[in-house]
Amino acid sequence: MPSVVIVGAQWGDEGKGKVVDIFAGSADVVVRFQGGNNAGHTIVADAKKIIFHLVPSGVLHRGKTCIIGCGVVVDPEVLLGEIDALKAAGHLGEATRLLVSENAHVIMPWHKALDQAREESKGKHKIGTTMRGIGPAYEEKAGRRGIRMGDLLRKKAFLGRLRESLDEANFMLEHRFGRKPLRAQEIADAYLAHAARLSEYVADTTVVLHDFLKKGRRVLFEGAQGTLLDVDHGTYPYVTSSSTVAGSACAGSGVGPTVIGGVIGISKAYTTRVGGGPFPTELSDDTGDLLREKGAEFGSTTGRARRCGWLDVVALRRAVLVNGLTDVAITKLDVLQGLKKVKICTAYRLKGKTITEFPADSEALAACEPVYDEMEGWKDDIRDVRLMEDLPRPVQKYLKKVETLLDVPVNLVSVGPARQETIITKNPFR
Ligand code: GDP
Ligand code: IMO
Ligand code: MG
């Protein structure tokens, strides 16, 4: 199994960073293929916490090649900040390579300004974006006006593209949103300085990746966000602007579907969501508050409180379908400890009917009432457990139930934020 994709099976923040870091130890290459610095992927290694927004979560292992693929939108300042912090901490030495696709689009200051202006103009219907300029950057890419990493390195071409795109963006900022226009010269100076520092990382990453694949090397594709935030399959319009599903690993890095050997979907043992949009199992009560406090459910990128609720198998089954999941990893199981009862949503009630398919329409989803299976909780702390069979009976039953309902094996269980707080029954590369 040479290549494995890891994706979020919910609304993001499932613990992808932790799982990618673990399996990166067995891989040669780790590739981010979509999203941008709206992502915040946390790794807790050697009692230190580190959050990556753009750099692939395999970078802490020496000797790996980490690629930011063409499907990613890159904020150069954020990327440089991460590189500097990694170097200061003794990472990214000679043995570890970081490369950025020359075709990856660049997040420009007007993308951030437009993201903010649009959100503010939406009032209570706002998406609740991370304000990182992600949506406007992908809009410009699809509108064929974008600036790519490779363009940044060609000064004349860059200045021409900058003027053209900025003209249009300034028109929107001034005349649609009543904001101040941005100045081309200031942006050009800052971005050309970033380009000079980033040039050593920019490459034709498609060729690099295929050289590894030809040699039979193992590639791990690291998804960002989650399936329900996917622009096609998620809770539109309350989604991000990229394709977050496993299929996007191919387009966003330049490989064919034939190289993918397995797809691991990450899910928390409950559900969270940041930002607006429907969320059928959301708990606006003490249990919701308890999950937030105990699970430290505050965003890794924006610090916003995450909305919390019970595990939603109707939504997860959609993730199984659209990603072709071969394995499931359940994280944050430790957070449920101490609850008398735990619930799993197995169906929805909508207009007097029981449904088991996730509705495509967000308004219909918002009208859905969850139907729960209630299970016995557990008192014991499970953070020190390292074998499935050593988990308390109610925990084993909970996991078995999830596995049966999804019809996909649970091959990793996370019982704490640290690397070692993990139960692994199958390494996808072995
Ligand atoms: P990602 O975006 O999917 O990588 O997830 P985030 O890093 O945004 O959020 C997951 C949070 O949960 C991070 O703070 C992790 O350190 C933490 N975490 C991951 N797995 C576990 C776990 O099993 N138990 C607990 N208590 N925390 C975990
Ligand atoms: P990781 O990779 C959770 C959410 C935002 C908002 C919507 C659109 O850490 O799991 P955007 O800025 O992308 O235009 O915002 O998507 N969102 C995330 N939620 N985890 C993420 O990334 C997210 N990235 C974006 O909160 O609701
Ligand atoms: Mg996150």
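Residues numbered from 1 in each chain as written. Chains lettered and ligands numbered in written order. Predicted model: local features only at pLDDT ≥ 70, side-chain atom pairs only at ≥ 80, totals over all residues. Heavy atoms only, no water.

Engineer: Explain the side chain of Ser-248 to me, and be specific about the residues and the numbers.
Structural biologist: Here Ser-248 is to be found in helix 9 (residues 248-251). Classification of Ser-248 by relative accessible area gives buried; the value is 10%. Setting aside residues no more than four positions away along its own chain, Ser-248 makes contact with Phe-33, Gln-34 and Ser-243. (Helix = DSSP H or I, 4+ residues; strand = E, 2+ residues; numbered from the N terminus. Buried < 20%, exposed > 50% of the residue type's maximum accessible area, 1.4 Å probe, protein only. Contact = heavy atoms within 4.5 Å.)

Engineer: Describe the site of ligand 2, naming the residues involved and giving the relevant values.
Structural biologist: In the vicinity of ligand 2 there are 20 residues, among which Asp-13, Lys-16, His-41, Thr-130 and Thr-240 approach most closely. Taking His-41, its side chain carries an N or O atom lying 2.7 Å from an oxygen atom of ligand 2. One nitrogen or oxygen atom from the side chain of Arg-304 is found 2.9 Å from an oxygen atom belonging to ligand 2. Out of a free accessible area of 550 Å², ligand 2 has 98% covered by protein chains. A class-by-class count of the residues in the shell around ligand 2 yields 7 nonpolar, 10 polar and 3 charged. (Near = heavy atom within 4 Å. Polar contact = N/O pair within 3.5 Å; in protein donor to acceptor, adjacent residues only side chain to side chain. Areas by Shrake-Rupley, 256 points an atom, 1.4 Å probe, with all protein chains shown as cover. Nonpolar A, V, L, I, M, F, W, Y, C, P; charged D, E, K, R; others polar.)

Engineer: Tell me about the coordination of the magnesium ion (ligand 3), residues and numbers included.
Structural biologist: The coordination sphere of the magnesium ion (ligand 3) contains the protein donors Asp-13 (OD) and Gly-40 (O), at a distance range of 2.0 to 2.2 Å. Of this pair, Asp-13 sits in the loop between strand 1 (3-8) and helix 1 (16-24) while Gly-40 sits in the loop between strand 2 (29-32) and strand 3 (41-45), and the two are 27 residues apart along the sequence. Note on Asp-13: relative accessible area 22%, which makes it partly exposed. Gly-40 sits in the buried class, given a relative accessible area of 8%. (Donors = N, O, S within 2.8 Å, 3.2 Å for Na, K, Ca; no water.)

Engineer: If you had to explain the pattern of salt bridges to someone new, which residues and values would you point to?
Structural biologist: Applying the stated criterion to the full structure yields 23 salt bridges. A salt bridge links Arg-145 to Glu-168, with the nearest nitrogen and oxygen atoms 3.6 Å apart. Of this pair, Arg-145 sits in the loop between helix 4 (134-142) and helix 5 (149-152) while Glu-168 sits in helix 6 (residues 155-176), and the two are 23 residues apart along the sequence. Beyond isolated ion pairs, a larger network of salt bridges with shared partners links Asp-13, Lys-268, Glu-297, Arg-306 and Lys-332. (Salt bridge = Lys/Arg side-chain N within 4 Å of Asp/Glu carboxyl O.)

Engineer: How would you explain the site of ligand 1 if you had to name every residue and give the values?
Structural biologist: For ligand 1, the set of nearby residues contains 19 residues, the closest of which are Lys-16, Thr-42, Ser-300, Asp-334 and Ser-414. Side-chain polar atom of Ser-300 to an oxygen atom of ligand 1: 2.7 Å apart, as the coordinates give it. Broken down by secondary-structure element, the contributors of at least two residues to the shell around ligand 1 are helix 1 and strand 3. Residues belonging to the shell around ligand 1 are distributed by class as follows: 4 nonpolar, 8 polar and 7 charged.

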